[in-house]
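Notes for the structure review
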Amino acid sequence: MRARLSDIAQQAEVSEATVSRVLNDRPGVAPETRQAVLTALDVLGYERPARLRKRSAGLVGLVVPELDNPIFPAFAQTIESTLAQSGFTPVLCTQTPGGVTEDEYVEMLLDRQVSGIVFVSGLHADTAANHDRYRALIGRPLPIVMINGFAPGIAAPFVSCDDREATELAVAHLVALGHRRIGLITGPDRFVPVQRRVAGYKAAIRRLVDLDETELEALAELSLFGVEGGEAAAARLLDRGVTGIVCGSDLMALGAIRAARQRGLSVPADLSVVGYDDSPLMAFTDPPLTTMRQPVVAMSVAAVRALVDEINGHGAPHSEYLFRPELVVRGSTAVAPTGTTPPGPPPSRQRPAPPALAVPA
């Protein structure tokens, strides 16, 4: 023990007496000195005494959709880190098509006696889903927090990006660049964020562009989330002569760019594209993607704080917290092409489609 105390004291640059006080968890040691001794223990490979090991405040479930869309790993990483800083151990549950469902994950989490659950873009965002599942959790009682998607009648905190404002800002950006035929691509309309984006798009077009309702309806395309859905919807919008497209996700925006290139069109010279999320790597696509940034860190921290307050008996307000998105202008938007843009390029401009984007689909 003497040799061990000496080694630790030398590593931490403190006295052996100080090391002894820390190892026996006695008072009278400054926090920074105590931390220096604990760090020395770790560096030298000594196991911390049981009394000094950080105890977990409990398990917290984190249910997220598939990780193909890079925005979901970004949320998961930030939420897990924030939970750990609060003393909780996160349990990540990732859904995949045809795999374990949200309800099955919840049952597994309940078996592990979690202290609470964070849902990211779950069934709470689906207006066609039965939300009694969440009321049953609250009635246990089990603290829950939902991110992106609001369901009335559920006594829990909701944290969302302002989807309506995001779409309005994206449309205004394209209008400022001279675009007038601006299309919208987003997901199925049963989802609350989609409904809000469509409402924001229509409000902005009515306010900023002189289009009749028939044209307005024709320029809003609902499709499947993902690259393929964005590509298919963009092809239909290009047939209708759009020069700018606002997308419901970054992956859909990449699909829109692919559709344009398959027609020999240049982005942004012939078509401007705006994404949504500002997920990782969007600054490195070709061209770098202009997008609406979700404040992932601020939203994640707010969600964890609300959950921890609920767990500790300090109930957070059961309402929706809306976070303002940020327009990030990069290389996929530019001044609208002069003249009337036809549905596709003239024959003289047709050329082979360039290689696919250097981003996984």
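What counts, and where the lines are drawn
Residues numbered from 1 in each chain as written. Predicted model: local features only at pLDDT ≥ 70, side-chain atom pairs only at ≥ 80, totals over all residues. Heavy atoms only, no water. Buried < 20%, exposed > 50% of the residue type's maximum accessible area, 1.4 Å probe, protein only. Helix = DSSP H or I, 4+ residues; strand = E, 2+ residues; numbered from the N terminus. Pairing = 2+ DSSP bridges. Right-handed = clockwise from strand over helix to strand, strands pointing away. Axes fitted to C-alpha atoms, helices over the stretch in contact; angles between N-to-C directions. Contact = heavy atoms within 4.5 Å. Expected span 1.5 Å × (residues − 1). Core = buried A, V, L, I, M, F, W, Y, C linked by side-chain atoms within 4.5 Å. Polar contact = N/O pair within 3.5 Å; in protein donor to acceptor, adjacent residues only side chain to side chain.

Okay, the pairing of strand E4 (residues 144–147) next. Of the two faces of E4, the one carrying Ile144 and Met146 and the one carrying Val145 and Ile147 are both buried. Sheet topology note: the strand E3 (residues 116–120)/E4 ladder contains four bridges and is parallel. From the neighbouring strand, Val118 faces E4, where its bridge partner is Val145. You can see the chain leave E3, run along helix H6 (residues 132–139) and come back into E4, and the turn it takes is right-handed.

Spatially, the six strands line up as an open sheet ordered E7-E6-E8-E9-E10-E12, and their pairing is mixed. Edge positions in the sheet fall to strand E7 (220–222) and strand E12 (326–328), since each has one partner strand and no second. Adjacent strand axes in the sheet meet at a mean angle of 20°, parallel and antiparallel pairs treated alike. Where strand E9 (residues 272–277) meets strand E10 (residues 290–293), four bridges bridge the pair, whose relative direction is parallel. Residue pairing across strands places Tyr276 opposite Met292, the latter belonging to E10. Contacts between helix H8 (residues 192–208) and the sheet are confined to strand E6 (182–186), E7 and E9, with E6 contributing the most and set at about 175° to the helix. Of the strands in this sheet, E6, strand E8 (244–247), E9 and E10 are in contact with helix H11 (residues 250–262), which crosses E9 at around 160°.

This part covers unusual backbone geometry. Between Val267 and Pro268 the backbone carries a cis peptide bond, its omega angle lying at 15°. If you trace the backbone, Pro268 turns up in the loop between H11 and E9. Although it is not a glycine, Leu281 adopts a positive phi angle of roughly 85°. Positionally, Leu281 belongs in the loop between E9 and E10. A residue is classified by how much of its surface remains accessible, and Leu281, at 51% relative accessible area, is exposed.

This part is about the sheet that holds strand E1 (residues 58–64). As summarised here, the arrangement of the six strands in space is E2-E1-E3-E4-E5-E11, forming an open sheet in which the pairing is parallel. Edge strands, defined here as strands with exactly one partner in the open sheet, are strand E2 (88–94) and strand E11 (320–323). Going across the sheet, the axis of each strand differs from the next one's by a mean of 20°, ignoring polarity.

Another point: helix H10 (residues 227–239). An α-helix turns once every 3.6 residues. As a result, residues three or four positions apart point the same way. Over its 13 residues, H10 extends 19 Å from the first C-alpha to the last, a length consistent with the 18 Å expected when each residue adds 1.5 Å. Among all positions in H10, only Val227, Gly229, Gly230, Glu231, Ala233, Ala234, Leu237 and Leu238 are buried. Contact partners of the buried residues in H10: E6, helix H9 (213–218), E7, E8 and H11. Among the residues trailing H10, Gly241 stands out with phi positive, at a value near 80°.

Below, the discussion takes up the nonpolar core. Inside soluble globular proteins, nonpolar side chains tend to come together where they are buried. By size, the foremost hydrophobic cluster in this structure holds 69 residues, and its most contacted members are Ile79, Val120, Ile147, Ile185, Ile245 and Val273. Leaving out residues up to four positions away in the same chain, Val120 has contacts with Leu62, Val63, Val64, Pro65, Phe72, Phe75, Ile79 and Ile147. Of all hydrophobic cores here, the second largest spans 18 residues; its members include Val63, Tyr105, Phe119 and Met146.

This part is about the side chain of Ser272. In this structure, Ser272 sits in strand E9. Accessibility expressed as a relative area gives 0% for Ser272, which makes it buried. A distance of 3.2 Å separates the side chain of Ser272 from the side chain of His179, its partner in a polar contact. Beyond its immediate stretch of four places on either side in the chain, Ser272 contacts Leu174, His179, Thr243, Gly244, Ile245, Ser332, Thr333 and Ala334.

Next up on the list: the environment of Ala176. Locating Ala176 in the fold gives a position in helix H7 (residues 163–176). With 27 residues separating them along the chain, Ala176 and Ala203 place their C-alpha atoms 16 Å apart.

Along the chain, Thr285 turns up in the loop between E9 and E10. With a relative accessible area of 6%, Thr285 lands in the buried category. Within polar-contact distance, the side chain of Thr285 engages the backbone nitrogen of Leu289 at 3.4 Å.

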